Amino acid sequence: MSAVLHDVVAVIRKSEQGILSGQLKLSLTTQFTADLLRLPHILEARRHHRHAGPPVIGKRAEELRLEALLEDLQYLNSIADRVIALKVIHGDGTLQGTISLQPFRSLRYLELKKLPLHLLTGLANLRGQLECIVCCRSLQDLDLLLRKCGGDSSQGFPWSQLKTLICIDCDIEELGRALDLTPALQSLDLSRNAIRNCGDAFLRLEDLTTVNLSHNHVEKVPQFAPLLSHRLKVLVLRNNRLESIEGAEDLENLLELDLSDNCISEHRLLWPLQRLFRLTRLNLHGNPISHHSKHRTLTVQYLSPRVVSNSRFQLDGESLSKVEMSAVSELLSPVVRTPVIRSASPLSAPTPSMGSPSGGELTQSMGDCISTSGMSASGRKKPLRVRTVKLADQPEVSEENKAILPNGM
């Protein structure tokens, strides 16, 4: 242990400035982190035993080694008290006892990898200062982290400074109300879990700008707080079970939307995109609609004209081609109608006044039709074609039938 401790101290001394400024994070194993608390007591006990025992050859050399170990531990504890970013990694072995964060009193960034959260203590004391938490394969329930603070079994108090929360590969199935304790949260990454329904987990978060729910089992677009609808910039829903994107129409200021590898099968289901006026990136790759021969052209028809005209906009990782933009321009351009030139005609009736009955309007429109029907585009009258109509002779009425007809017809 003495050799390992000396090597760790040597590495930290070289990077001390970066570690204390927060530019570098201190990465330790769970075993070494636990030894930081146990070793001082063990070495002190051994030192006391040496002084109490009979004289031994080589005792002076052993005391010097113990003094060196104690100095290294004191240095590590002084660094731990001031370190800004810490990463704790657990190996494949079985963890004996608990891991305490008590020496790390200045932390603002904490990363836990493969560390069973119920064996971590001292987290509750950092609740008011941590700005970023990263958990990888460390928990299955957000309540255990945000409400109970791991092994501290604490009560639910707000994480007033927490701005970034990343929990990936954690087998989380339900979000519950744990996120209510993170009012200042701006970036949330819950990718690679087993979340099906977000419920109302985001309805009280008003500062979120980035949400990543990729590689879950989400079946519909989550509901967000009304104020958040105007602040959210990035929404990643890649590799889920979405069949429609209803609900995304409220995210008016969204810049990036990743819907790749879902179950969207018809382009008409993309209608919510019409209200996303600031969209710069849209990814639909891997959906059934992406295999359509005219997928890009059909998709762009559901985008806002403001988005289509933005040169920075990318669909499935590629900018729109001139052909795609021109096709959309034709669909969006207004229909130009040729005005009808009406000329005066002796058959047209005078223009009725505002108070004239509808009969006057009908007379005028009929007159216009008659006058224009006999005019060519150049204003000249076309020659009238006279048709001769032959009427069949009326049958003779007998004297008997005349008596039956009224008025002597």
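Provided above is the structure to which this section pertains.
The following paragraphs examine the structure supplied in this document. (Residues numbered from 1 in each chain as written. Predicted model: local features only at pLDDT ≥ 70, side-chain atom pairs only at ≥ 80, totals over all residues. Heavy atoms only, no water.)

## Describing the overall build of the chain
We apply this condition: Comment: elements are numbered from the N terminus, with helices defined as DSSP H or I runs of at least four residues and strands as E runs of at least two. Each residue's exposure class comes from its accessible area (1.4 Å probe, protein chains only) as a fraction of the maximum for that residue type: buried when under 20%, exposed when over 50%, partly exposed otherwise. Contacts: residue pairs with any heavy atoms within 4.5 Å of one another. Every accessible area reported is derived by Shrake-Rupley at a probe size of 1.4 Å, with residue values counting cover from the shown protein chains alone.
Counting secondary structure elements, the chain contains ten helices and 14 strands. Residue burial in the chain is summarised as follows: out of 409 residues, 37% are buried. Sequence separation of 24 or more characterises 51% of the internal contacts of the chain that already satisfy a separation of 6 or more. Here the chain displays about 24,500 Å² of accessible surface, and carbon together with sulfur accounts for 52% of that area.

## Re the environment of asparagine 125
Residue placement: asparagine 125 occurs in the loop between β5 (120–121) and β6 (132–136). On the basis of relative accessible area, asparagine 125 is assigned to the exposed category, the value being 67%. For the pair asparagine 125 and glutamine 102, spaced 23 residues apart in sequence, the C-alpha to C-alpha distance is 8.2 Å.

## Brief notes about the nonpolar core
The following threshold applies: Only buried residues count toward a nonpolar core. Its members are Ala, Val, Leu, Ile, Met, Phe, Trp, Tyr and Cys residues joined through side-chain atoms within 4.5 Å.
Counting residues in hydrophobic clusters, the biggest one holds 90 residues, and the most contacted among them are Leu145, Cys167, Leu179, Phe202 and Leu282. A per-element tally of this core places helix α4 (residues 59–82) first, with six residues.

## Details of the pairing of strand β2 (residues 85–89)
This is how it is decided: Whether two strands pair depends on DSSP finding at least two bridges between them.
Counting buried positions along β2 yields four of five residues, so the element is predominantly enclosed. Relative to β2, strand β1 (residues 26–29) runs parallel, the two sharing four bridges. Looking at the pairing, leucine 26 lines up with leucine 86 of β2. With five bridges connecting them, β2 and strand β4 (residues 109–113) associate as parallel partners. When the bridges of β4 are listed, valine 88 appears paired with leucine 112.

## Notes on the environment of proline 222
Following the sequence through the fold, proline 222 ends up in the loop between β9 (210–212) and β10 (234–236). For the pair proline 222 and glycine 247, spaced 25 residues apart in sequence, the C-alpha separation works out to 7.4 Å. Beyond its immediate sequence surroundings of up to four residues, proline 222 is in contact with Cys198, Phe202, Leu213 and Leu237.

## Things to note about unusual backbone geometry
In the Ramachandran plot, lysine 114 falls in the positive-phi region, its phi being about 60 degrees despite a non-glycine side chain. A relative accessible area of 25% places lysine 114 in the partly exposed class. Phi at cysteine 149 is positive, roughly 55 degrees, even though this residue is not glycine. Along the polypeptide, cysteine 149 turns up in the loop between α5 (142–146) and β7 (164–168). A relative accessible area of 0% means that cysteine 149 is categorised as buried.

## Digging into the sheet that holds β7
One open sheet holds the twelve strands; their spatial order is β1-β2-β4-β6-β7-β8-β9-β10-β11-β12-β13-β14, and the pairing between them is mixed. Each edge of the open sheet carries a strand with a single partner, namely β1 and β14 (318–319). As defined by bridge partners, β4 adjoins β6 across five bridges and the pair is classed as parallel. Paired with leucine 110 across the strands is isoleucine 133, a residue of β6.

## Quick look at a negative patch on the surface
We apply this condition: A patch consists of residues exposed above 30% relative accessible area that lack any salt bridge, with like charges linked at up to 9 Å and nonpolar side chains (Val, Leu, Ile, Met, Phe, Trp, Tyr) linked at up to 5 Å. Salt-bridge detection follows one rule: a side-chain nitrogen of Lys or Arg within 4 Å of a carboxyl oxygen of Asp or Glu. Under this rule, positive means Lys or Arg and negative means Asp or Glu; His and the chain ends count for nothing. Throughout, a charge is located at the NZ atom of Lys, the CZ atom of Arg, the CG atom of Asp or the CD atom of Glu.
Among the surface-exposed residues, Asp169, Asp171, Glu173 and Glu174 lie close enough to one another that they form a single negatively charged patch. In this fold, glutamate 174 is placed in the loop between β7 and β8 (187–189).

## So, the packing of aromatic side chains
Inclusion rule: Only centres within 6.5 Å qualify two rings of Phe, Tyr or Trp (six-membered ring in Trp) as a pair; their planes then separate them into stacked at under 30 degrees, edge-to-face at over 60, and tilted for everything else. Two thresholds decide whether a charge sits over a ring: the Lys NZ or Arg CZ must be within 6 Å of the ring centre and within 35 degrees of the ring normal.
Tallied over the full model, the rule gives one aromatic pair. For the pair phenylalanine 202 and phenylalanine 224, a centre-to-centre distance of 5.4 Å together with 15 degrees between the ring planes defines the contact as stacked. Here the residue phenylalanine 202 occupies a position in the loop between β8 and β9, and phenylalanine 224 occupies one in the loop between β9 and β10, the gap between them amounting to 22 residues. The pair phenylalanine 202 / phenylalanine 224 is uniform in exposure class, with both members buried. Across from the ring centre of tyrosine 75, 4.0 Å away, lies the NZ or CZ of arginine 13, which sits over that ring.

## Digging into the pattern of salt bridges
By the definition in use, this model includes 15 salt bridges. Measuring nitrogen to oxygen at the nearest pair gives 3.9 Å for the salt bridge that ties glutamate 131 to arginine 108. A residue pair is termed long-range when its members are at least 10 positions apart, and glutamate 131 in the loop between β5 and β6 and arginine 108 in the loop between β3 (99–100) and β4 qualify at 23 residues. In this structure arginine 108 comes out as partly exposed when scored by relative accessible area, which is 37%.

## Concerning the pairing of β7
Going residue by residue along β7, you find Leu165 and Cys167 tucked away on one face and Thr164, Ile166 and Ile168 left uncovered on the opposite face. Relative to β7, β6 runs parallel, the two being bridged by five bridges. Each residue of the ladder has a partner; that of cysteine 135, found in β7, is cysteine 167. Across three bridges, the pairing between β7 and β8 is parallel. Bridged to leucine 165 within β8 is leucine 188.

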